[in-house]
Amino acid sequence: MGLVCFPVKSMLGQERERVVVDERGVAGDRLWALRYEDGKLGSGKNHRRFRRTPGMLEHAAVYDAEGPVVTTPDGETLRPGDPRIGELFGGGAELVHEGEASHQDAGAVSLVGTASLRALGELLGDHDPVDVRRLRKNIVIGTDEPWIEEDWVGREITFDGGLRLRVTLRIDRCVMTTQAQRGLPADSRILKTLTASRGMCIGVYADVVTPGALALGAKVAVQ
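Residues numbered from 1 in each chain as written. Predicted model: local features only at pLDDT ≥ 70, side-chain atom pairs only at ≥ 80, totals over all residues. Heavy atoms only, no water.

Trainee: Which residues make up the overall build of the protein chain, and what are the values?
Mentor: Counting secondary structure elements, the protein chain contains 3 helices and 18 strands. In summary, the protein chain has a C-alpha radius of gyration of 17 Å against a globular reference of 17 Å for 223 residues, a match within 12%. Its C-alpha atoms give the protein chain principal-axis dimensions of roughly 50 × 40 × 30 Å. Within the span of the protein chain, comprising 223 residues, buried residues form 48% of the whole. Considering only contacts in the protein chain between residues 6 or more positions apart, those separated by 24 or more positions represent 70%. Within the structure as shown, the protein chain displays about 10300 Å² of accessible surface, and the carbon and sulfur contribution to it stands at 49%. With 29 positive and 32 negative side-chain charges, the protein chain shows a separation of 4 Å between the mean positions of the two kinds. (Helix = DSSP H or I, 4+ residues; strand = E, 2+ residues; numbered from the N terminus. Rg over C-alpha atoms; globule rule 2.2 N^0.38 Å. Buried < 20%, exposed > 50% of the residue type's maximum accessible area, 1.4 Å probe, protein only. Contact = heavy atoms within 4.5 Å. Areas by Shrake-Rupley, 256 points an atom, 1.4 Å probe, with all protein chains shown as cover. Lys, Arg positive; Asp, Glu negative; His and termini not counted. Charge placed at Lys NZ, Arg CZ, Asp CG, Glu CD.)

Here's what the structure looks like:
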């Protein structure tokens, strides 16, 4: 199992040994975003809500006791309110927090099975599973059967500790899966392969039925 929190939308996240999951998802996940003067959010793609902002995936965001800290590729650290953020990304960009508003795309929690990562790697002709960092999932579950998590749509998942999720839909992937990020080169094969063989989908979204804590190694039951 793997657990990741992404403090800032479209930036690299923080691997955790334990996360708290509340009604909106992993606590702290995508609570912050890069916002431009025109109101659009920084992203890896253009959209009515987003402005394509090259290089965001080269920046890593984590939380410390004072809030989010962004580390640039050069090792500089930035916090909300730092004028260097506007200088770095242009367009009057600021790092903003909008209460408990969600900057997630279509679900509270995202997850994928390890067998699906292996299967996609095989479809790509690689010897190793596709790197899950491409997919920006909150939870990676150990599975034996590829794509089995797609069969969980409409069902509930219970974890040790009482956390319960209801799987809602498959996740359509986008160009962000192909983009270079810290430690990974650009790879256009990923989206092409998913489009040709999986209807552009890998992984699933889930809503939170019962909040709770989740630790690495927790047992999973699908009902």
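Trainee: Provide a residue-level description of the nonpolar core, including the pertinent values.
Mentor: A general trend in soluble globular proteins is that nonpolar side chains are found buried together. If you look at the biggest cluster of nonpolar residues, it comprises 22 residues, and the most contacted ones within it are L111, I139, L165 and L214. Looking at this core, the elements that each hand over two or more residues are β1 (2-5), β3 (18-22), β12 (109-113), β13 (139-141), β14 (156-159), β15 (164-172) and β16 (201-210). Here the element with the most residues in this core is β16; it accounts for 3 residues. In contact with I139, not counting residues within four places along its chain, are G2, L3, V109, S110, L111, V112, L165 and L214. (Core = buried A, V, L, I, M, F, W, Y, C linked by side-chain atoms within 4.5 Å.)

Trainee: Give me the pattern of salt bridges: which residues, what numbers.
Mentor: One pass over the full model with this rule turns up 13 salt bridges. Ionic pairing is found between R189 and D126, a salt bridge with its closest N-O pair at 3.1 Å. In this pair, R189 sits in helix α3 (residues 189-198) while D126 sits in the loop between α2 (114-123) and β13, placing the two residues 63 residues apart along the sequence. For D126, a relative accessible area of 32% corresponds to the partly exposed category. Across the pair R170 and E150 runs a salt bridge, and its minimum N-O distance is 3.3 Å. Linking R170 in strand β15 with E150 in the loop between β13 and β14, this pair joins segments that are 20 residues apart in sequence. (Salt bridge = Lys/Arg side-chain N within 4 Å of Asp/Glu carboxyl O.)

Trainee: Kindly report on the sheet that holds strand β9 (residues 67-71), identifying the contributing residues and their values.
Mentor: In space, the 3 strands of this open sheet follow the order β8-β9-β10, with antiparallel pairing throughout. Across the chains shown, the open sheet's two edge strands, defined by having one partner strand only, are β8 (60-64) and β10 (77-78). Where β9 lies against β10, 2 bridges are found, and the strand directions are antiparallel. Bridging from a neighbouring strand, V70 pairs with L78 of β10. (Pairing = 2+ DSSP bridges.)

Trainee: Describe the packing of aromatic side chains, naming the residues involved and giving the relevant values.
Mentor: As enumerated under the stated definition, the model contains 0 aromatic pairs in all. Positioned above the aromatic ring of Y36, the side-chain terminus of R51 is 4.0 Å from the ring centre. The ring centre of W147 lies 4.1 Å from the NZ or CZ of R198, which sits over that ring. (Phe/Tyr/Trp six-rings, centres within 6.5 Å; stacked < 30°, edge-to-face > 60°. Lys NZ or Arg CZ within 6 Å of the ring centre and 35° of its normal.)

Trainee: So, the side chain of R134: which residues are in play, and what are the values?
Mentor: With respect to the helices and strands, the residue R134 is situated in the loop between α2 and β13. Of the side chains bearing the opposite charge, D187 lies closest to the buried R134, which forms no salt bridge; the N-O distance is 4.5 Å. Among the polar contacts made by the side chain of R134, one reaches the main-chain carbonyl oxygen of Q179 at a distance of 3.1 Å. Within the local environment of R134, its side chain forms a polar contact with the backbone oxygen of P185, the two atoms lying 2.5 Å apart. (Polar contact = N/O pair within 3.5 Å; in protein donor to acceptor, adjacent residues only side chain to side chain.)

Trainee: Give me the lowdown on the pairing of β15, citing residues and values where you can.
Mentor: Where β14 meets β15, 3 bridges bridge the pair, whose relative direction is antiparallel. Pairing of T158 across the sheet is with R164, part of β15. Between β14 and β15, which pair antiparallel one after the other, the connecting turn spans 4 residues, and G161 there sits at a positive phi close to 100°. Sheet topology places β15 next to β16; 7 bridges connect them, and they run antiparallel. When the sheet's bridge partners are listed, R166 is paired in β16 with D207.

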